[in-house]
Amino acid sequence: MKKLQWWMRIVGGFYLLLTLMNLFLLFGTPDSFGSNLPEPMSSDPLAVRSFIDAWMVFIFELGVLGAMLLYGSGKPAGSRLLVLTVIFAEVFRGIVADAIWITRGYSASGYIPFIVIHLVIIVTGWLFLQQAGKEAN
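Rules of the game
- Residues numbered from 1 in each chain as written.
- Predicted model: local features only at pLDDT ≥ 70, side-chain atom pairs only at ≥ 80, totals over all residues.
- Heavy atoms only, no water.
- Core = buried A, V, L, I, M, F, W, Y, C linked by side-chain atoms within 4.5 Å.
- Buried < 20%, exposed > 50% of the residue type's maximum accessible area, 1.4 Å probe, protein only.
- Helix = DSSP H or I, 4+ residues; strand = E, 2+ residues; numbered from the N terminus.
- Expected span 1.5 Å × (residues − 1).
- Contact = heavy atoms within 4.5 Å.
- Patch = residues over 30% accessible without salt bridge, like charges linked within 9 Å, V, L, I, M, F, W, Y side chains within 5 Å.
- Areas by Shrake-Rupley, 256 points an atom, 1.4 Å probe, with all protein chains shown as cover.
- Salt bridge = Lys/Arg side-chain N within 4 Å of Asp/Glu carboxyl O.
- 1 Å grid on protein atoms, 1.4 Å probe; cavity = no way out; pocket = protein on both sides within 12 Å on 5 of 7 lines; lining within 4 Å.
- Points joined across faces, edges and corners; volume = space filled by probe spheres on them.
- Nonpolar A, V, L, I, M, F, W, Y, C, P; charged D, E, K, R; others polar.
- Axes fitted to C-alpha atoms, helices over the stretch in contact; angles between N-to-C directions.
- Parallel < 35°, antiparallel > 145°, perpendicular 65-115°, else oblique.
- Left-handed = near helix turned anticlockwise from the far one by under 90°.
- Bend = angle between axes of the 7 residues up to and from the residue.

J.: Can you walk me through the nonpolar core in this structure?
T.: Here is a general trend for soluble globular proteins: nonpolar side chains tend to be buried in one another's company. Counting 27 residues, the largest nonpolar core has Trp 7, Tyr 15, Leu 69 and Val 86 as the members making the most contacts within it. Within the residue set of this core, elements represented by two or more residues are α1 (2-28), α2 (45-72), α3 (80-103) and α4 (108-136). Top contributing element to this core by residue count: α2, with 8 residues.

Structure, rendered in structure tokens:
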């Protein structure tokens, strides 16, 4: 159970760190987003604004999940559904979405490292969730 508890703390803290960094970019230096978009979107102000607005929703979700992971880490046995939610979010919002973005022209060098991070979160979360289940029985 301790491994799952620490997984929740580490992933939750990582999510909150990403949230703070991205909020700084979103509200402090929004112009930085244009350079990360593939052409012709990077030179279209409306496309950049739309991406920023959609990214903001993702960042708020990430912050909520991070906070809930930290809160739930106090009782990891009662947080199995939250852990599964994060694992499946990592699969779809993480790996699947990043792979689609790469096929649409987004930088593979920027998204492949995150795919690896998503995989680490998924695999370790699944393993620790299974171990915690065996400990509970």
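J.: Looking at this structure, how should I read α4?
T.: Between its first and last C-alpha, α4 extends 41 Å over 29 residues, near the 42 Å set by a 1.5 Å rise per residue. For α4, every residue scored as buried is listed here: Tyr 111, Ile 115, His 118, Ile 121, Ile 122, Gly 125, Leu 129, Ala 132 and Gly 133. Packing partners of the buried residues in α4 comprise α1 and α3.

J.: So what exactly am I meant to see when it comes to a nonpolar patch on the surface here?
T.: Judged by side-chain polarity, Phe 88, Phe 92, Val 96 and Ile 100 come together as a nonpolar surface patch covering roughly 370 Å² of accessible area. Locating Val 96 in the fold gives a position in helix α3. On the basis of relative accessibility, which here comes to 35%, the residue Val 96 falls in the partly exposed class.

J.: Looking at this structure, how should I read the layout of surface pockets?
T.: Roughly 720 Å³ of volume is contained in the largest pocket. In terms of lining, the largest pocket is formed by 31 residues, of which the most central are Asn 22, Trp 55, Phe 58, Tyr 111 and Phe 114. Of all elements in the fold, only α1, α2, α3 and α4 reach the threshold of two or more residues within the lining of the largest pocket. Of the residues in the lining of the largest pocket, the class split is 20 nonpolar, 8 polar and 3 charged.

J.: Explanation requested: the packing of α1 against α2 in the structure shown.
T.: Two packed helices can be described by the angle between their axes and the distance between those axes. Two numbers describe how α1 lies on α2: the axes approach to 8 Å, and their chain directions differ by 150°. Put simply, α1 runs roughly antiparallel to α2. When the axes of α1 and α2 are compared, the crossing they make is left-handed. Taken together, the residues that form the contact of α1 with α2 break down as 19 nonpolar, 7 polar and 1 charged.

J.: Whenever I open this one, α3 confuses me. Can you help?
T.: Given 3.6 residues to a turn, an α-helix orients residues that are three or four positions apart in the same direction. If you check α3, its first and last C-alpha atoms are 33 Å apart, about what 24 residues at 1.5 Å a residue would give, namely 34 Å. The axis of α3 is deflected most strongly, by about 30°, at Ala 97. All buried positions along α3 are accounted for by Leu 82, Val 83, Val 86, Ile 87, Ala 89, Glu 90, Arg 93, Gly 94 and Asp 98. Residue Gly 105 follows α3 closely and has a positive phi angle near 105°.

J.: Help me understand the packing of α1 against α3, please; the structure alone is not making it clear to me.
T.: Where α1 contacts α3, the axes come no closer than 12 Å and their chain directions differ by 50°. Relative to α3, the element α1 lies oblique. Pair α1 / α3 crosses with left-handed handedness. Together, Leu 4, Trp 7, Met 8, Val 11 and Tyr 15 of α1 and Leu 82, Val 83, Val 86, Glu 90 and Arg 93 of α3 make up the contact between the two elements.

J.: When you look at the pattern of salt bridges in this model, what are you seeing that I'm missing?
T.: Oppositely charged side chains can pair when the atoms bearing their charge come close. Applying the stated criterion to the full structure yields 3 salt bridges. For the salt bridge of Glu 61 with Arg 93, the shortest nitrogen-to-oxygen distance reads 3.3 Å. Of this pair, Glu 61 sits in helix α2 while Arg 93 sits in helix α3, and the two are 32 residues apart along the sequence. Residue class for Glu 61 comes out partly exposed when judged on its relative accessible area of 34%. Of the residues examined, Arg 93 reaches a relative accessible area of 18% and is grouped as buried. Between Glu 90 and Arg 93 there is a salt bridge; the shortest N-O distance is 3.7 Å.

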